[in-house]
Structures are given as structure tokens and as C-alpha cells.
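The chain contents come next:
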There are 2 protein chains.
Amino acid sequence: MSTTAPLTPPSLPGEPARPQHSGARTWQAPLRERLEGRPVGIVGLGLIGGSLGLDLQAAGLEVRALVHREATAERARQRQLASVVSTAASVLEDCAVVVLALPLDRLLDPDPALLRALPPAAVLTDVGSVKQPVLEHWQGALRQAGRGGQVGLFVASHPMAGTAQAGVEAGVAGLFQGRPWVATPDGRTDPEALAVVQALSETVGAHWLTCAAADHDQAVAWISHLPVLVGGALLRAADQGSGAAGLGELARALASSGFADTTRVGGGNPELGTLMARCNREALLTALAGYREAIGTLQELVQDERWPELAGALEEAQRLRPAFLMAPADGAPPAP
Amino acid sequence: MSTTAPLTPPSLPGEPARPQHSGARTWQAPLRERLEGRPVGIVGLGLIGGSLGLDLQAAGLEVRALVHREATAERARQRQLASVVSTAASVLEDCAVVVLALPLDRLLDPDPALLRALPPAAVLTDVGSVKQPVLEHWQGALRQAGRGGQVGLFVASHPMAGTAQAGVEAGVAGLFQGRPWVATPDGRTDPEALAVVQALSETVGAHWLTCAAADHDQAVAWISHLPVLVGGALLRAADQGSGAAGLGELARALASSGFADTTRVGGGNPELGTLMARCNREALLTALAGYREAIGTLQELVQDERWPELAGALEEAQRLRPAFLMAPADGAPPAP
């Protein structure tokens, strides 16, 4: 059984040979070999960092975590999100692998003290939802810090798991089970470091994929960032349009689960939505242009009463949707 | 406790006094008094008709149902959706109240035999999701059939409950519990007939509202019909755009619950979506125009990198959404 999906661009340089998973838990081997008993470091214990801390500890690994505030550290200790939690960057000093589980803005403008505190031989990975700026920023920052040797050890990655929750209370066990974890290596990425992060992702039950950073960013613009604006615009339009007609109260009273679902991500965290748009602006603009054309086409069909064509368009939408739904975790390893 | 929401336009002629609900199950009184032990008829045993049959029987009422095909009748009998199920219109002859639980197209072009079979003194109601054309069609059809006296007994209504299911297997108990049931009386509507349908809706636990038919149709265009096109366009745009860039497989693999939710109704029944658009075209075009302006505004903010304004717009969306979510059934009577 392999968990490597066939999405890796065949031309990508520095791509490791597909690891063999021949026995129980041997898919953890590259991680265990790298760690040699040393801890995994996690910077930030929000939804992703906290969940990762719980799952990695459940898999028998030692986890040390760096957080910003002492109150967060205290709560994280109560929740046992890591075996050691500290606001002092020195907590990372023995870590052989460090996961930067920071929000995108802090990832793209990290505290200089954090960079200094990262062990120079550690494999580094991040969990940001936009990959090209992260990869460019960190490769540049490591070079500028005189750590050119660590550039290849930085593996840009994106575990695609989430809930509406954020902060130190958000982390939950099993968050990554069966969910995609995408890495975006380039020609500079060390194959062994990539294998270590793959093993880490599989340790928490995720489904590993690799692709080019630009491809990741365009794909998530379509399926993750565009839906935020599509749903946000629906909320604003429904409110303004019904309100202007004196029907606001009626529209709100009649809105059902269909409206609730269509607007769930559009009515989500506004800072996060703005950050995605800022960090993935060009890809999002491409997606927005395509979307406006698509909604304009449907509008024309209604305007011109071309009902068979409208039915055909909606049939196509119905036919397309199943392939976009979360696949069963068929390639994922058993939960640790 | 009253289940009448304060949405009734105060100027609406023919509006009944708000019924008093002073004791257990007295909210069923207008229905019981009308029936005097006679059965409720249901025409069509799909999702709405079948669910209604189950709940009305559970409330101790006798239900007789007319369906189109003998195979449907057999299955409906096995599922006990009504006490008598027949393909012969004469099954309705003793019914004091008849619910026309037909799809919108059949409701707007009913079998002449059905009209003939409706008992002339029966209170009639429908369950169509667009109200103005239904009200106009049935008031006209009854007059043309020499049943001018029954025009006031036709109560156009819309129970707003649904699942993705359709057909004789779809009906489930408790479907209407806490959900809105909207009636759109006009000056011709008999107040007593309206009270009977209200009592019927409350017998199955629905939350009764009344408004003008045109207002209903514009409100559902915003919150029910527009989301179908919004989500359908997203599916088509994401497929075409990612496919054109060679990223179709990647986009499908990375699509998560956010994409699934945003496109749920957009990837739903295409015949139903087309029927809504046909029967509610003008209101839908108004909503589409407002929506295209709203998505265009967000596109401009991204294009012009006006991030604080984008954050403000998404904050507004987040703030607006809770009022559109399904309210707890606070005004609904206890389940029968």
C-alpha cells in the first residue's frame, strides 16, 4: 500500500524515490531515523499545532512546543498538547524536526529570534495554506541568516484539515486522519527531509501528496479561497437585496440549511479570508475571473429563458460535484 | 404561546385573527373541527407528501393519498405513508382537506381529472416552492371549472423543509418539526381555510408564517434559488479553470468540506433548479443582478489590494450569517 498519490509532476527535480511501505509502521521509519529519540518541535499551538502535538505524542514521540504567551503555554500544558511547552525559544534546541504551525502572516514575517533558535540541522516544515510565498520567504531568510545548508531542509507543506475553531482550545486528536497533506518541494528540497515530513504526515494518518508550489496555490484558490468570496458575496447580496425590498426579516426567517451551507466558509474568519487573498492574490484573481464568467453564463440562460441549456448546466454541476468531495481515506495508513 | 411570527403584512386583507393557543393541542382545533372525523387527502407521496402522511397519521388523523403510478401506490402502502393509497382520483372523495403535494410543474399544469376529483367544499393547499404563479393558476382554474366558491378555500403554502431525497422512499417522520411553513393568502383567501392549514402545519410541528406571495417569491429567490446558481457556477468554474491549467486532478484531491458545503445545493437536482428558475424568473434575475454586483465588489477589493476594506466586507458577512441560520424551534408547538 502506498500513500503517495500520483500527482507529483514527473519533471520535478529532487523528487525522492517513492518510499516502500512494506510492513506495519515502517512508514514512520524516515522520521524515527531522523529523530534518533530526539523531540519534534512545534511552533504555535493553535488548531494545527495543537492537534499535531496530541497525535504525535499518541504515536509515542516527544513533542516540545514554543508559544507566544505564557497564558497560552499554561493552558497548553493543562491540555497536554506537548510534553514541554515554553515561551522561550530555547525549548527547540534539541529538536531534530520543527513544525512551524504559525498563521500565514507570522510565517511570512517571523520573529528573528525564532530563526536564531531553530537548530541548524533540523528538518523544518510549515503548515501555511499558501505555499509559493512561504517557500520563497524561508529559503531567502535561511540564506540571509548564513544557513544556506538548511535551505534544502525546509519543506513547505500544507495539511488540509480544519475546523471553525482556532487557538489553544482548538487542537483535537485525529484531525489529520485521511486528510490530504500537500508538500511543495522544489529543486533545492532535500529528498531525505521530504521523506521525513512525509513520514510525519503519515504518522498522524494524513494522505500525502506533492506538487509544485504554484500549482498548489492555484488549486487552493479555486477550491478553498474562491468559495470564501463566493459565500461572503452571497451573504452581503442577500442581506442588502432583501433589506432594500423590505424583505430582510422574511428572508432571514426562510433561510434554510441550503443557505447555511452555501455561506459557511463565506461567513467564516474574516482575518483568515483576507490573509489568503493577500498571500494568493494573483491565483485568486484568476479564479474570480473564471467564476464571474460562469455565474454570468447562468444569468444569461435565465434571462434568455434557455431552460434546456440551464438544465444542462446544472446537470453538469451535479455530475462534477462527487469528484470534488472528500475521498475516503483509502490510501491512508491506519491511525497510530 | 403563539406560533404566528410577526411577518404578516398588517394591511393584508382577509387575514384571520391570530388564533389563541391556550391549552394542549388546542392549536389543532381548526383542523379537527373542519375534518369532523373525515380524512385528509394528499396528492403525491414524494418527500413532502410522504412525510406529511406519516406525521398526520402519527397525530391520529386519517390520511388518503392519490398517486400517479401503481408501483408507487404499492410501495407507499408498504411504507404506510397513508391509510389508503390509490391511483384512482375517487380516493379523495370524502376528504375535507386536500394537500396538493405535487412538483411545481405538475401543480401549474394539473391533470383535469384531479381538479374534477377534488371535493368542492374541501380546503385545498399546495406545497410548491414558488407561490405567485401557483396562487394565480389555481384561483383561475377553480373559477374556470365553475368552482368560484372554492377559490377562497385554496391556501397557497410552502413548507420549507427538505432533504436531498425525492420519491416514495423519501418521506420521513418529523421532517417539518421547527421548520417554517409559509402561507401566502390574498384578499380572496377564506380566513377559516387559512386557520385550517395553519393548524395542519402546527400538527406536524412546523413554524407558521404568512406573507404576500410576491414577497415570498423574492425572499426565496435570495435565500433558496440564488444559492443553487451560485454553487452550480462554482462547480463549473472550478472544474473548467483548474482543468484548463492542468490542475483538475489536484483541485479535486484538495477540495475539502468547505468546497463541499458551498456547492451542496448547486450540485443538487438539476430539474428542480431549472423549475425554480422558470417559475421564479424575475425575482431570481433581481437576485442574480445583486449578487453579481456583490462578487464584483469583492473582486475589485482584491484587484486593488484594498485589504482593510476586504476585511471589513468579510467581517460584515460573518456578522450577517447567524441571523440567516435556522432558528431553534422556539415558537413551534411540541411534536404531536
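This structure is a prediction, so every number in the text was calculated from the model and none was measured.

Peer 1: Explanation requested: the pairing of strand β8 (residues 180-183) of chain B in the structure shown.
Peer 2: The two faces of the sheet receive side chains in turn, since in a regular strand these alternate between them. Residues and elements named next belong to chain B. The two faces of β8 match: P180 and V182 on one face and W181 and A183 on the other face are all buried. Relative to strand β9 (residues 207-210), β8 is paired through four bridges, and the arrangement is parallel. Residue pairing for β9: W181 is matched across the bridge by W208. Remark: the β8/helix α7 (residues 191-203)/β9 crossover connection has right-handed handedness.

Peer 1: Explanation requested: the interface of chain A and chain B in the structure shown.
Peer 2: Note: interface size is frequently given as the accessible area lost on complex formation between the parts. With 91 residues of chain A at the interface, the matching set in chain B holds 91 residues. Taken together, the two surfaces of chain A and chain B that pack against each other cover about 8,700 Å², and 71% of this comes from carbon and sulfur. On the chain A side of the contact with chain B, R236, L254 and F324 of chain A bury the most area, a combined 9% of that side's loss. One can count six salt bridges joining chain A with chain B.

Peer 1: Looking at this structure, how should I read unusual backbone geometry?
Peer 2: A negative phi holds for most residues other than glycine; trans holds for most peptide bonds. All names here are of chain A. Positive phi outside glycine occurs at Q80, with the angle close to 55°. Relative to the helices and strands, Q80 resides in the loop between α3 (70-78) and β3 (84-86). Taking relative accessible area as the criterion, Q80 reaches 56% and is therefore assigned exposed.

Peer 1: Got a minute to help me understand the pattern of salt bridges in this structure?
Peer 2: Two side chains that carry opposite charge are able to pair once their charged atoms sit near each other. Per the counting criterion, the structure on display carries 26 salt bridges over all chains. As a salt-bridge pair, R34 of chain A and E192 of chain A come within 3.1 Å of each other at their nearest N and O atoms. Of this pair, R34 of chain A sits in helix α1 (residues 29-35) while E192 of chain A sits in helix α7 (residues 191-203), placing them 158 residues apart in sequence. Note on R34 of chain A: relative accessible area 17%, which makes it buried. Residue E192 of chain A is classed as partly exposed on the basis of its relative accessible area of 47%. Between E316 of chain A and R236 of chain B there is a salt bridge; the shortest N-O distance is 2.3 Å. With one member in each of two chains, E316 of chain A in helix α13 (residues 307-324) and R236 of chain B in helix α8 (residues 213-244) form a pair that bridges those chains. In terms of burial, E316 of chain A and R236 of chain B fall into one category: buried. Sharing partners across several salt bridges, the network here consists of E62, R64 and D94 of chain A.

Peer 1: Can you help me understand helix α6 (residues 132-144) of chain A in this one?
Peer 2: Owing to its 3.6 residues per turn, the α-helix aligns residues three or four sequence positions apart on the same side. Residue and element names in this part refer to chain A. Between its first and last C-alpha atoms α6 spans 18 Å; for 13 residues at 1.5 Å apiece the expected length is 18 Å, and the two agree. Those residues of α6 that sit buried are V134, L135, W138, Q139, G140, A141 and L142. Where α6 is buried, its residues meet β4 (97-100), α4 (104-107), α5 (112-117), β5 (123-126), β6 (154-155) and α8 (213-244). Where α6 ends, the next residue or the one after it, G146, has phi of about 70°, a positive value.

How each quantity is defined
- Residues numbered from 1 in each chain as written.
- Chains lettered and ligands numbered in written order.
- Predicted model: local features only at pLDDT ≥ 70, side-chain atom pairs only at ≥ 80, totals over all residues.
- Heavy atoms only, no water.
- Buried < 20%, exposed > 50% of the residue type's maximum accessible area, 1.4 Å probe, protein only.
- Helix = DSSP H or I, 4+ residues; strand = E, 2+ residues; numbered from the N terminus.
- Pairing = 2+ DSSP bridges.
- Right-handed = clockwise from strand over helix to strand, strands pointing away.
- Contact = heavy atoms within 4.5 Å.
- Buried area = accessible area lost by both parts, 1.4 Å probe.
- Salt bridge = Lys/Arg side-chain N within 4 Å of Asp/Glu carboxyl O.
- Expected span 1.5 Å × (residues − 1).

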